Amino acid sequence: MKTLLNNIDLNEALFGNSNIGFVPTMGSLHQGHISLIKKSQKLSNKTIVSIFVNPKQFNNKEDYKKYPRDIKKDLKILKRLKVDFVYLPKIKDVYKTKNKIKIKLNKQDKILCAKYRKGHFEGVIDVMTRLTKIVNPSKIFMGEKDFQQLLLVKRYVEKNFKSKIISCKTIRDKNKIALSSRNTLLKKDDLIKVSKITKSLIIFKKKLLDKKNLNNLIFMKKKELQKKYNIKIDYLELRNTKNLKFINKIKNARIFVAYFINKVRLIDNF
Ligand code: AMP
């Protein structure tokens with residue numbers, strides 16, 4: 001495994017390679033990231049993983065500061081997986097040039113996390129278009145765990161570059177919790193709560209299959225979870241998986257949720 005600490009290292013290492021698979025991450029790697037890496041290794045000649053905690057996508061300074069980081073452990077994992085390249089850029093490697101791509105979310109995009117985390121996706125799209133330009137991969141592997149991010153990045157990247165976005169299933173632990181680097185910030189009791197909420201939503205979605213007036217049932221479910229677990233829920237909504245518009249049937253739809261447990265914001269979709 002070659003460690004690339006700047007863009008000169010990167011250009012030198014990638015020169016002459018084709019069919020490069022790229023897995024962008026913010027580190028604190030877990031089985032979710034590992035599943036993306038394994039898929040890239042299957043579908044690409046070379047795999048490059050980046051670790052970069054992107055300050056621009058945090059709408060809250062405190063959140064950026066406390067974001068979990070464990071580079072030593074990450075490098076160990078990547079070595080064990082026999083990843084070809086790990087790219088560890090500094091802020092200046094990513095941001096020293098101007099991004100020519102105009103990033104402006106339209107009104108229909110300002111839903112779900114875009115509504116509650118102002119500037120977040122603009123930061124994500126900015127960094128992802130910059131990284132795509134720097135790495136120039138054939139394929140970029142991204143998780144359905146961050147579904148809205150996946151759709152937005154796909155739109156901007158595929159419009160401006162030849163790289164294709166490959167979506168990857170959400171990996172969960174044995175208690176159904178979607179793996180996330182942020183889970184390391186939670187205590188045992190919090191994780192038990194998350195598991196209960198997740199299981200309850202999985203069962204709830206199955207029950208919606210033969211029901212009518214789904215949005216009303218979802219509204220009631222939101223109230224129930226808020227009360228039972230004493231949590232703040234940003235949103236619990238049923239939306240079309242193609243364009244994230246509201247929908248009132250289960251086919252081609254997912255339930256999207258964002259909530260706080262002990263000040264840690266978690267998202268998931270089912
Ligand atoms: P992050 O390091 O959180 O920015 O995530 C890097 C990539 O891993 C993104 O494409 C995420 O969607 C993906 N990812 C994060 N958690 C999971 C998971 N539990 N299952 C699958 N992919 C995930």
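Residues numbered from 1 in each chain as written. Predicted model: local features only at pLDDT ≥ 70, side-chain atom pairs only at ≥ 80, totals over all residues. Heavy atoms only, no water.

K.L.:
Can you walk me through the overall build of the protein chain in this structure?
P.N.:
Looking only at helices and strands, the protein chain has 10 helices and 9 strands in total. Dimensions of the protein chain along its principal axes, counting C-alpha atoms only, are 55 × 40 × 35 Å. Across the 270 residues that make up the protein chain, the buried fraction comes to 52%. Of the roughly 14900 Å² of accessible surface on the protein chain, a fraction of 54% belongs to carbon and sulfur atoms. Positive and negative side-chain charges of the protein chain, numbering 66 and 22 respectively, have mean locations separated by a distance of 4 Å. (Helix = DSSP H or I, 4+ residues; strand = E, 2+ residues; numbered from the N terminus. Buried < 20%, exposed > 50% of the residue type's maximum accessible area, 1.4 Å probe, protein only. Areas by Shrake-Rupley, 256 points an atom, 1.4 Å probe, with all protein chains shown as cover. Lys, Arg positive; Asp, Glu negative; His and termini not counted. Charge placed at Lys NZ, Arg CZ, Asp CG, Glu CD.)

K.L.:
What is the right way to read a positive patch on the surface from this model?
P.N.:
There is a patch of like positive charges on the surface, built from Lys102, Lys104, Lys110, Lys115 and Lys118. Relative to the assigned elements, Lys104 resides in the loop between α5 (91-95) and α6 (112-116). (Patch = residues over 30% accessible without salt bridge, like charges linked within 9 Å, V, L, I, M, F, W, Y side chains within 5 Å. Salt bridge = Lys/Arg side-chain N within 4 Å of Asp/Glu carboxyl O.)

K.L.:
Explain the nonpolar core here, please?
P.N.:
One recurring pattern in soluble globular proteins is that nonpolar side chains are buried together. Grouped together as the largest cluster of nonpolar side chains are 40 residues, with contacts concentrated most on Leu10, Ile48 and Tyr87. Summarising the domain contributions, this core has at least three residues from each of domain 1 (2-168) and domain 2 (186-265). Once residues lying within four places of it in the same chain are set aside, the contact partners of Leu10 are Leu4, Ile48, Tyr87, Ile134 and Val135. (Core = buried A, V, L, I, M, F, W, Y, C linked by side-chain atoms within 4.5 Å. Domains from an automatic or database assignment. Contact = heavy atoms within 4.5 Å.)

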